[in-house]
Amino acid sequence: MQHPVPAAAGSAGMVCSIDRRASEAGIRMLASGGNAVDAVVATAAVLAVVAPNTCGMGGDMFALVGTGEGAPLCLNGSGRAPSGASAEQLRADGHEAMPRLHHPAAVTVPGCVDGWLALHSRLGIVNLPEVLGAAHAYAADGFAASADLADAAPDVATSAGNTDIPGDLRAGDTVRRPGSARALEAVAAGGREAFYGGEFGEGLLGLAGGLFSTDDLATPVADWVEPATVGAWGHRIWTVPPNSQGYLILAAAALAQELDLPTDPADPDWAHWLIEAARAVGSFRPARLSDAADVEELLDPDHLADLRRRVLTGDTPVTPLGGAGDTTYLCAADADMAVSLIQSNAMGFGSRLVAGSTGIFLHNRGLGFNLDPGHPACYGPGRRPPHTLSPALVSTLDGRNRAVLGTMGGDAQPQVVLQMLARLLHCGETPAEILGAGRWLLLGPDAFATWTPGWRPPVALEPHAPTGWATGLAGRGHDVVGLDQNPKLSGHAHLIDVSPDGTLSGAAEPRTALAAAVGV
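Not measured: the values here are computed from a predicted model.

Parameters at a glance
Residues numbered from 1 in each chain as written. Predicted model: local features only at pLDDT ≥ 70, side-chain atom pairs only at ≥ 80, totals over all residues. Heavy atoms only, no water. Helix = DSSP H or I, 4+ residues; strand = E, 2+ residues; numbered from the N terminus. Rg over C-alpha atoms; globule rule 2.2 N^0.38 Å. Buried < 20%, exposed > 50% of the residue type's maximum accessible area, 1.4 Å probe, protein only. Lys, Arg positive; Asp, Glu negative; His and termini not counted. Charge placed at Lys NZ, Arg CZ, Asp CG, Glu CD. Pairing = 2+ DSSP bridges. Axes fitted to C-alpha atoms, helices over the stretch in contact; angles between N-to-C directions. Contact = heavy atoms within 4.5 Å. Phe/Tyr/Trp six-rings, centres within 6.5 Å; stacked < 30°, edge-to-face > 60°. Lys NZ or Arg CZ within 6 Å of the ring centre and 35° of its normal. Salt bridge = Lys/Arg side-chain N within 4 Å of Asp/Glu carboxyl O. Expected span 1.5 Å × (residues − 1). Parallel < 35°, antiparallel > 145°, perpendicular 65-115°, else oblique. Left-handed = near helix turned anticlockwise from the far one by under 90°. Nonpolar A, V, L, I, M, F, W, Y, C, P; charged D, E, K, R; others polar. Core = buried A, V, L, I, M, F, W, Y, C linked by side-chain atoms within 4.5 Å.

Student: Please explain the overall build of the protein chain as it appears in this structure.
Tutor: The number of helices and strands found in the protein chain is 19 helices and 21 strands. Here the C-alpha atoms of the protein chain give a radius of gyration of 21 Å, agreeing with the 24 Å that 2.2 N^0.38 yields for 520 residues. If you line up the protein chain on its principal axes, its C-alpha atoms span 55 × 55 × 45 Å. Among the 520 residues that make up the protein chain, the fraction classed as buried is 63%. In the protein chain, which carries 31 positive and 54 negative side-chain charges, the distance between the mean positions of the two groups comes to 2 Å.

Spelled out as structure tokens, the structure:
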């Protein structure tokens, strides 16, 4: 177990994030009469300024809002490919797969700001300038660079555009982001039109002649959608439907609850059955996940029953032949609502492209597309790419909020959340125990390639995983390897648990130094 795990308790509200400055900005919203939505937007906005190596206003976001009455509200804030998108042109240019860096095709219309505004306009109660005030102050007046940001800063040396993150940044150095300050002022004063139709939008339009149009930017990309759900371990588990890969959490949980899963997580069988459940559902992801995927088909009980049979007989599928990530998860709760939100640039500073003079990095979520014209996720105008972002929310069977949880980590997200859910709902562990526990991870060549066709990813174990896992899993036929305590691989996770009397207990990720769970 790692010590100390940043944990908190509260009765009126709580916020968890990777940076105390962001968590405290959220708590100030709750303390001044705001709600969990005000808190989560304030937190997200600060993170977009102080942690541009994980997220930003040039990225995407998803959110779930539990109201305590039935299904949560579900927001898809992921962007769509621009009107000039063409898989045929990329193939003609010599690309065999979607470009990830230094290419505008990696960029879809960023949905993060649209998502913040959709959340706030529907559910927020504090005025928007105040909600964004802390983020604006950090951008305009400066903030001390975290060690994580300083470690990532050399990557900006290859960025194209007007960056405001020095490549030789050191931890503790003061960073000012005037372009982000101007963008936040524009959003606070004029909403989405002032952002997408202003300096940021102009920068995006100038990125590549004809790829993006003014109509692309004028069309809101944040949509309220029906959440995906399954029943497992006496609760309902919820996430965002495709184009999110969150259904993998649901499918694996539904499969795992029917296996002989021990209640002691130190038992190698606990890790074994969860690994096999994650492998069974994940192996079909490359071929099936797209913005047109039918979540009811993906969660079809007969399909899950077939996968369960294959797991029990040792015939776990391998990804069929065929056609390093950074994100930040955060959550907030008050006496009535619980919010699970995730926002991302995809790979660190994203595409390493910057929107004009704003200094705002543009994500590279286009990496999820395929260039095969017969693939359901083929790159094309208006399409949303397959997305790793997978926030989760748990409710009781009568609709009460039980927990919000999630993590960064690319393909690892459903795997880490599955372990958190099993520890919480099946094993009865506390948030601090869950966040401090060692994790297993199905390891790919990079954070977005776990399910490479034709191979079985090895099982990586964190150094502080239960001592019996390594030999126990090897004896059950797993290819076991070690894993350094690298949060880019094993996740930045947070969890808030809501007791029946409304008491909140939460914990933030101990694998990053500034993470904070703050309660009131």
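Here the narrative resumes, following the displayed structure.
Student: How should I be thinking about the sheet that holds strand 16 (residues 440-442) in this particular structure?
Tutor: Sheets are built from strands that pair by backbone hydrogen bonding, the pairs being arranged parallel or antiparallel. Across the sheet, which stays open at both edges, the three strands sit in the order 16-17-18 with mixed pairing between neighbours. Only two strands of the sheet have a single neighbouring strand rather than two, namely strand 16 and strand 18 (480-482). Taken pair by pair, the neighbouring strands of this sheet meet at an average axis angle of 35°, ignoring direction. The strands that helix 12 (residues 268-282) touches are strand 16 and strand 17 (459-461); relative to strand 16, the one it contacts most, it runs at about 25°.

Student: What exactly am I supposed to notice about the packing of aromatic side chains here?
Tutor: What describes a pair of aromatic rings is the distance from one ring centre to the other and the angle between the planes of the rings. With the rule as written, the count across this model stands at six aromatic pairs. The interplanar angle of 15° and the centroid separation of 4.2 Å between the aromatic rings of Phe195 and Phe200 together place this pair among those described as stacked. Phe200 sits in the buried class, given a relative accessible area of 2%. Ring pairing ties together the aromatic residues Phe195, Tyr196 and Phe200, which thus form one cluster. Looking at Arg122, its charged tip hangs above the ring of Trp224, at a distance of 4.6 Å from the centre. The ring centre of Trp238 lies 6.0 Å from the NZ or CZ of Arg236, which sits over that ring.

Student: Before we go on, may I ask you to explain the pairing of strand 11 (residues 338-346) in this structure?
Tutor: Note on strand geometry: in a regular strand, side chains alternate between the two faces of the sheet. For strand 11, a buried count of nine out of nine residues is recorded, marking the element as mostly surrounded by other parts of the structure. Every second residue of strand 11 is oriented toward a common face, with Ala338, Ser340, Ile342, Ser344 and Ala346 on one face and Val339, Leu341, Gln343 and Asn345 on the other, all of them buried. In this structure, strand 3 (residues 60-66) lies alongside strand 11, joined through seven bridges in antiparallel fashion. Across the sheet, residue Ala63 finds its bridge partner in strand 11, namely Leu341.

Student: Where do I start with the pattern of salt bridges in this structure?
Tutor: A pair can form between side chains of opposite charge whenever their charged atoms are brought close. This model, assessed by the stated rule, comprises 20 salt bridges. In this structure, Glu24 and Arg20 form a salt bridge, with 3.5 Å as the shortest nitrogen-oxygen distance. Within this pair, Glu24 and its partner Arg20 are both found in helix 1 (residues 20-31), separated by four residues, close to a single helical turn. Each member of the salt-bridge network shares a partner with another, and the members are Arg439, Glu462, Glu509 and Arg511.

Student: Would you explain helix 4 (residues 112-123) in this entry?
Tutor: The α-helix advances 3.6 residues per turn, and as a result positions three or four apart in sequence lie on the same side. With 12 residues, helix 4 extends 17 Å between its outermost C-alpha atoms, agreeing within 8% with the 16 Å of an ideal straight helix rising 1.5 Å per residue. Buried within helix 4 we find Cys112, Val113, Asp114, Gly115, Trp116, Leu117, Ala118, Leu119, His120 and Leu123.

Student: When you look at the packing of helix 2 (residues 36-50) against helix 4 in this model, what are you seeing that I'm missing?
Tutor: A pair of packed helices is captured by two measures, namely the crossing angle of their axes and the spacing between those axes. Their axes nearest at 9 Å, the elements helix 2 and helix 4 cross at an angle of 160°. In terms of orientation, helix 2 lies roughly antiparallel with respect to helix 4. Remark: the crossing between helix 2 and helix 4 carries left-handed chirality. Contacts between helix 2 and helix 4 involve Val37, Asp38, Val40, Val41, Ala44, Ala45 and Ala48 from the former and Trp116, Leu119, His120 and Leu123 from the latter. Considered class by class, the residues forming the contact of helix 2 with helix 4 number nine nonpolar, one polar and one charged.

Student: When you look at the environment of Gly506 in this model, what are you seeing that I'm missing?
Tutor: Secondary-structure assignment places Gly506 in strand 20 (residues 504-507). The class of Gly506 is buried, set by a relative accessible area of 4%. Distance from Gly506 to Ala403, taken between C-alpha atoms, is 9.3 Å for residues 103 residues apart in sequence. With sequence-adjacent residues up to four places away left out, Gly506 is seen in contact with Pro6, Ala7, Ala8, Met14, Pro431, Leu495, Ile496 and Ala517.

Student: I keep staring at the nonpolar core and nothing clicks. Help me out?
Tutor: One broad trend across soluble globular proteins is that nonpolar side chains are buried collectively. Met57, Trp116, Leu119, Ile165, Phe195 and Tyr379 are the most contacted members of the largest nonpolar core, which has 90 residues in total. In contact with Phe195, other than residues within four places in its own chain, are Met57, Val113, Ala183, Val187, Phe200, Gly201 and Ile360.

Student: It is not clear to me how unusual backbone geometry should be interpreted in this structure. Could you clarify?
Tutor: For residues other than glycine, phi is negative in most cases, and the peptide bonds are mostly trans. Unlike most non-glycine residues, His102 shows phi in positive territory, near 60°. Relative to the helices and strands, His102 is located in the loop between helix 3 (87-92) and helix 4. For Arg352, which is not glycine, the phi dihedral falls at a positive 70°. Along the chain, Arg352 turns up in the loop between strand 11 and strand 12 (353-354).

Student: Looking at this structure, how should I read the environment of Ala36?
Tutor: Tracing the chain through its elements places Ala36 in helix 2. For the pair Ala36 and Ser121, spaced 85 residues apart in the sequence, the C-alpha separation amounts to 13 Å. Beyond its immediate sequence surroundings of up to four residues, Ala36 is in contact with Leu30, Ala332, Ala333, Asp334, Met337 and Val339.

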